[in-house]
Amino acid sequence: MDRTHPHQVQVHSQFPGRYEGGFKGGRPDYQRTGPSASTILAVMTGLPIGGTLLALAGLTLVGTLIGLAVATPVFLICSPVIVPAALTIAFAVTAFLSSGLVGLTGLTSLSWFARYLRMATEEVPGQLEEARKRVHDAAGYVGQKTKEVGQEIQRKAQETKP
């Protein structure tokens with residue numbers, strides 16, 4: 001390589017035409033050619049729609065403020081009636097929702113208990129059969145040991161007889 005200055009760097013792009021001249025101020029192709037037709041169409045349709053929605057939001061805010069300014073004196077005059085009514089409605093809604101939640105919890109508990117009983121009754125016959133076999137085996141073992149002990153006693157008794 002032939003370098004005249006020791007700090008000079010040559011850049012070779014993998015994508016020819018995308019950048020011009022490496023770091024020497026080249027521009028990407030889209031800046032040289034301008035925005036595409038789809039970008040222009042998106043801006044042309046988006047600007048009026050966005051502006052209209054922004055204007056409607058402003059009108060809604062102004063209407064709300066005017067309505068609040070007009071209704072505030074009515075609220076102040078009627079507050080001895082409105083506040084207790086609002087509290088009563090809020091308490092009624094809270095009680096209704098609490099009742100529903102307690103009922104749902106009760107149904108869930110009953111469902112769990114019924115499923116538990118069903119599983120327990122399905123397992124009981126198998127457990128009873130297994131317990132019966134164990135008792136039978138234990139009785140057989142005790143019988144065998146008793147027989148062996150009896151024979152041992154008889155043998156010792158016969159040995160001790162002169």
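Residues numbered from 1 in each chain as written. Predicted model: local features only at pLDDT ≥ 70, side-chain atom pairs only at ≥ 80, totals over all residues. Heavy atoms only, no water.

### Here's the deal with the pattern of salt bridges
Next up, step 1: By the definition in use, this model includes 5 salt bridges.
Next up, step 2: Between Glu148 and Lys145 there is a salt bridge, with the nearest N and O atoms lying 3.8 Å from each other. Separated by 3 residues within a single helix, Glu148 and Lys145 lie in helix α2 (residues 37-160), roughly one turn from each other.
Next up, step 3: You can call Glu148 partly exposed: its relative accessible area is 37%.
Next up, step 4: A salt bridge links Arg155 to Glu159; its shortest N-O distance comes to 2.6 Å. (Salt bridge = Lys/Arg side-chain N within 4 Å of Asp/Glu carboxyl O. Helix = DSSP H or I, 4+ residues; strand = E, 2+ residues; numbered from the N terminus. Buried < 20%, exposed > 50% of the residue type's maximum accessible area, 1.4 Å probe, protein only.)

### A short note on the UniProt feature "transmembrane region" (unreviewed entry) in the protein
Next up, step 1: In this numbering, the UniProt entry assigns the feature "transmembrane region" (unreviewed entry) to residues 53-83 and 89-113.
Next up, step 2: Between the C-alpha atoms that bound residues 53-83 the distance is 35 Å, and the span itself is 100% helix and 0% strand.
Next up, step 3: As a span, residues 89-113 carries 100% helix and 0% strand, and end to end its C-alpha atoms are 36 Å apart. (UniProt positions renumbered as here; feature names shortened; annotations may be inferred.)

### A few points about the packing of aromatic side chains
The way to describe two aromatic rings as a pair is by their centre distance and the angle between their planes.
Next up, step 1: In the structure shown here, the tally under the stated rule is 1 aromatic pair.
Next up, step 2: Residues Trp112 and Tyr116 carry aromatic rings whose centres are separated by 5.6 Å and whose planes lie at 15° to one another, so their mutual orientation is stacked. Here Tyr116 and Trp112 lie together in helix α2, a separation of 4 residues that amounts to about one turn. (Phe/Tyr/Trp six-rings, centres within 6.5 Å; stacked < 30°, edge-to-face > 60°.)

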